[in-house]
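# Working through the structure, step by step
Okay, here's what each chain looks like letter by letter:
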Amino acid sequence: MKKLIRYNTLLALMMAGMLLFSACIYDFSPSELEIDRNQLELIVVEGDIAVGDYSYIKIYTTIPLDTTMHVPYITGAAVWVEDAEGVKIQGIEQNPFYVINTTGLSHDKEYKLCMDIPGRGLYESKLQSVIETPPIDSITFSIKDDNTELYIEVTTHNDASEPLYCKWTYESDWEFQSYHIPQLGYSPSLGMYELSNYEKSLMKNCWGSESSIDIYIANTEQLSQNLIYKQKLNTIGYADKKLDYLYSILVTQTAMSHEAYVYWNNLKKNSSELGGIFSPLPVEVEGNIISVTDPDEVALGYVSVSTKSALRRFITREEAKIYDSDPLGECSRVEPYAKNLWPDLYNSNMLPINYVMLESGQLNKNEARWCRNFCTDCRFIGTKNKPSYWPNDHI
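Residues numbered from 1 in each chain as written. Predicted model: local features only at pLDDT ≥ 70, side-chain atom pairs only at ≥ 80, totals over all residues. Heavy atoms only, no water.

## As for a nonpolar patch on the surface
On the surface, Ile63, Val71 and Tyr73 cluster together into a nonpolar patch covering about 230 Å² of accessible area. Turning to its location among the elements, Val71 is positioned in the loop between β3 (53–61) and β4 (78–83). (Patch = residues over 30% accessible without salt bridge, like charges linked within 9 Å, V, L, I, M, F, W, Y side chains within 5 Å. Areas by Shrake-Rupley, 256 points an atom, 1.4 Å probe, with all protein chains shown as cover. Salt bridge = Lys/Arg side-chain N within 4 Å of Asp/Glu carboxyl O. Helix = DSSP H or I, 4+ residues; strand = E, 2+ residues; numbered from the N terminus.)

## Thoughts on the nonpolar core
Core analysis: the biggest nonpolar cluster contains 27 residues, and Leu150, Ile152, Trp168, Leu243, Tyr247, Ile249 and Val251 have the highest contact counts within it. Among the secondary structure elements, those contributing two or more residues to this core are β11 (136–143), β12 (149–157), β13 (165–177), β17 (216–219), β18 (227–237) and β19 (246–255). Looking at which element gives the most residues to this core, the answer is β13, with 5 residues. The next biggest cluster of nonpolar side chains, apart from the first, holds 23 residues, and it includes Val45, Ile74, Ala77 and Tyr123. (Core = buried A, V, L, I, M, F, W, Y, C linked by side-chain atoms within 4.5 Å. Buried < 20%, exposed > 50% of the residue type's maximum accessible area, 1.4 Å probe, protein only.)

## Here's the deal with the pattern of salt bridges
What the rule picks out here adds up to 12 salt bridges. The closest approach of N and O atoms between Glu297 and Arg120, which form a salt bridge, is 2.9 Å. Here Glu297 is found in the loop between β20 (289–291) and β21 (299–300), whereas its partner Arg120 is found in the loop between β8 (110–117) and β9 (121–125), with 177 residues between them in sequence. Given the relative accessible area of 10%, Glu297 is considered buried. Taking relative accessible area as the criterion, Arg120 reaches 26% and is therefore assigned partly exposed. Ionic contacts of the salt-bridge type, sharing partners, join the residues Asp48, Lys167 and Lys308 into one network.

## So, the pairing of β12
Side-chain positions along a regular strand alternate between the two faces of the sheet. For β12, the buried fraction is high: 7 of the 9 residues fall into the buried class. Relative to β12, β11 is paired through 7 bridges, and the arrangement is antiparallel. In the strand pairing of β12, Ser142 is matched with Tyr151. Hairpin remark: β11 followed by β12, antiparallel, with 5 residues in the connecting loop; positive phi at Asn147, about 65°. Relative to β18, β12 is paired through 7 bridges, and the arrangement is antiparallel. Note that in β18 the partner of His157 across the bridge is Leu227. (Pairing = 2+ DSSP bridges.)

## Remarks on the sheet that holds β12
Strands sit in the order β11-β12-β18 across an open sheet of 3 strands; the sheet is antiparallel. Bordering the open sheet on either side are β11 and β18, each of which pairs with just one other strand. Neighbour to neighbour, the strand axes of the sheet diverge by 25° on average, direction disregarded. (Axes fitted to C-alpha atoms, helices over the stretch in contact; angles between N-to-C directions.)

## Observations concerning the confidence of the model for the protein
Summarising the model, the protein shows a mean pLDDT of 88, and 85% of its residues fall at 70 or more. Note that pLDDT drops below 50 for residues 1–38; the model gives that stretch 44 contacts with residues more than four away or on any other chain. Segment residues 275–279: pLDDT under 50, and 5 contacts once partners within four positions in sequence are set aside and those in other chains are kept. (pLDDT = per-residue confidence, 0-100. Contact = heavy atoms within 4.5 Å.)

In structure tokens, the structure reads:
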């Protein structure tokens, strides 16, 4: 009962905060309620025991409503995986992760995650058998009818008779190019100067990257066969630089138990459906992390024990066929400016492209064409961190 009261107290405060943000009736501070602040600082565990791979675990605490602090990751904890016979595999700290070498775990045993957290005590997940994850059959994409969005999709199946429950995460990288390749550079100290071929090459090709943050899950409970067909993952807009030149997505698939699916489904509902006074009340998100030190304490998170499967897919600009490199016309607006205006242009995030050519064919070095800096130098919105697996030799 104590655990349920604490959990409902946390949810009540969350809803009170959202109601007040939307209604703005009167000033409010959570300190006005006589509730122990430590009840809001719950332990959160994120990650799974990945049999046949390395396991990456994050531990942090929840953040009170009246703060803007960053995620408070917990350091200095002892973290390990333990089997039913008490055999332990210790993890090492690589902030913000605790990394455990679970590549050699047997598929025929049960395992749990254990954490000894300074000042908080011992926490552990429930012992679980290993769930085998089927391979990813394919990663495909489809285009919205109006050509404004591209959808990344994953297909998988399982020949077992029991329903299949899956969760996906992804890591994506993409290469894109500058709209203009300038001939000139400018700095307040040097003035206007001609760019070398090497300098131009540095400005032309860049890379971006991201990891999934949303919850992607599906199951086959109501299906006649264990086939998850073209489950939508990522959505990319027609003006997104991801589709400019070459896009890569690495999808990782994890099979899980029905109980784990319920946890992630409830968490997804809470994160996607809250936000307005008429939104559904939060559903209880019951994980499988318990405090051994204080059994009445609430801890959040669900640690599964399973193998993983992964698949990478590349998509070129020519395949997607929807990319609009300059939908707002910002990069198309290239204007000539006199020399006395160059310092102000540079300070307002503009860069030169080339000198203006006179009717005689001579260059007028007192007048140059300028445009927005990100249109000519991709490093303003990307990096030169080319992935090691990238299939071309651009610099």
